[in-house]
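Single-letter residue listing:
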Amino acid sequence: MKIVIQLVLWVVIGFLGYLVFNSINGPVKFNKIKQARYAQAVENLREIRTAQLAHRSITGRFEKDPEKLISFIDTAKFTLTQRRDSSFIRYNKILRIDEPKDTVVVDTLGYASVKDSLFKADGHKNMMQVPVEGVDAKFEMNAGFINKNDLRIPVFEAKVGKDVLLHDQDRDLLAQEKEVVSVDGVNGPYLSVGSMTEVMTSGNWPRTYGANDQ
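### Focus: the packing of aromatic side chains
Counting across every chain of the model gives 2 aromatic pairs. Judged by centre distance (6.1 Å) and plane angle (50 degrees), the rings of Tyr38 and Tyr209 are tilted. Taken together, the residues Tyr38 in helix H1 (residues 2-59) and Tyr209 in the segment after strand S5 (190-194) connect sequence positions 171 residues apart. Exposure class is identical for Tyr38 and Tyr209. Each is buried.

### Considering the pairing of strand S4 (residues 151-161)
Bridge analysis of strand S3 (residues 140-148) against S4 gives 9 bridges, and the strand direction is antiparallel. Residue pairing in the sheet places Met141 in a bridge with Ala158 of S4. Hairpin connection from S3 to S4: 2 residues lie between these consecutive antiparallel strands, with Asn149 at a positive phi of about 55 degrees. Pairing of S4 with S5 involves 5 bridges; the strand directions are antiparallel. Looking across to S5, one finds that Ala158 is bridged to Val193.

### Examining unusual backbone geometry
Although it is not a glycine, Asn149 adopts a positive phi angle of roughly 55 degrees. Asn149 gets classed as exposed once you look at its relative accessible area, which sits at 76%. At Asp150, a residue that is not glycine, the phi angle is positive and equals roughly 65 degrees.

### Overview of the pattern of salt bridges
All told, the structure shown has 7 salt bridges when counted by the stated rule. The salt bridge involving Lys162 is made with Glu177; its shortest N-O contact spans 3.2 Å. Of this pair, Lys162 sits in helix H4 (residues 162-165) while Glu177 sits in helix H5 (residues 171-178), and the two are 15 residues apart along the sequence. The burial state of Lys162 is the same as that of Glu177; both residues are buried. By sharing partners, the salt bridges in this structure join Lys34, Lys162 and Glu177 into a single network.

### Quick notes on the sheet that holds S3
What the 3 strands build is an open sheet, ordered S3-S4-S5; its pairing is antiparallel. For this open sheet the edge positions go to S3 and S5, each flanked by a neighbour on one side alone. Within this sheet the neighbouring strands show an average axis-to-axis angle of 25 degrees, counted without direction.

About the thresholds
Residues numbered from 1 in each chain as written. Predicted model: local features only at pLDDT ≥ 70, side-chain atom pairs only at ≥ 80, totals over all residues. Heavy atoms only, no water. Phe/Tyr/Trp six-rings, centres within 6.5 Å; stacked < 30°, edge-to-face > 60°. Helix = DSSP H or I, 4+ residues; strand = E, 2+ residues; numbered from the N terminus. Buried < 20%, exposed > 50% of the residue type's maximum accessible area, 1.4 Å probe, protein only. Pairing = 2+ DSSP bridges. Salt bridge = Lys/Arg side-chain N within 4 Å of Asp/Glu carboxyl O. Axes fitted to C-alpha atoms, helices over the stretch in contact; angles between N-to-C directions.

As structure tokens, this is what we get:
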């Protein structure tokens, strides 16, 4: 009888030890996986931002259709220009004299492929795909205009839900992650770049994932 009780106690102790280990190791493993997947997603979001900024530079607006944005990268070209100071003589009809006037002349030097200038090979073709093994999903993207101080300003946003990036992780830890509010974390339920309500092209990730250019 005593041996049976001892065996039961050892089983209980082992089970409690497992629970304690799992309560400590679980969050550590979750954070390791989270950081790796966030880093991969951030790289794609940076490429989307680069493509969108190139699109705005050439067309004056952002693109909401992912396929059209990728097609734009494949075909668009930057105009290479050179600005130089110049001057000319203009006759003043009132004073009846010739007056020197300063001006700036913009010369077109040629054109450069957007794809060759900003992207390596054809990597941009997969930038809309969420880079997590076992996940068949794309980044959500939108674009349009907002009015600020009587100006119509182009905006865009690309994002992916944390529940997509961490779909196979502990539900409780995922729920906590979606509620994060921290300068060292990704706040809210999405990993995103840009905004449809504010004039910004930065992402919501912290510096631990690299520079976050405005």
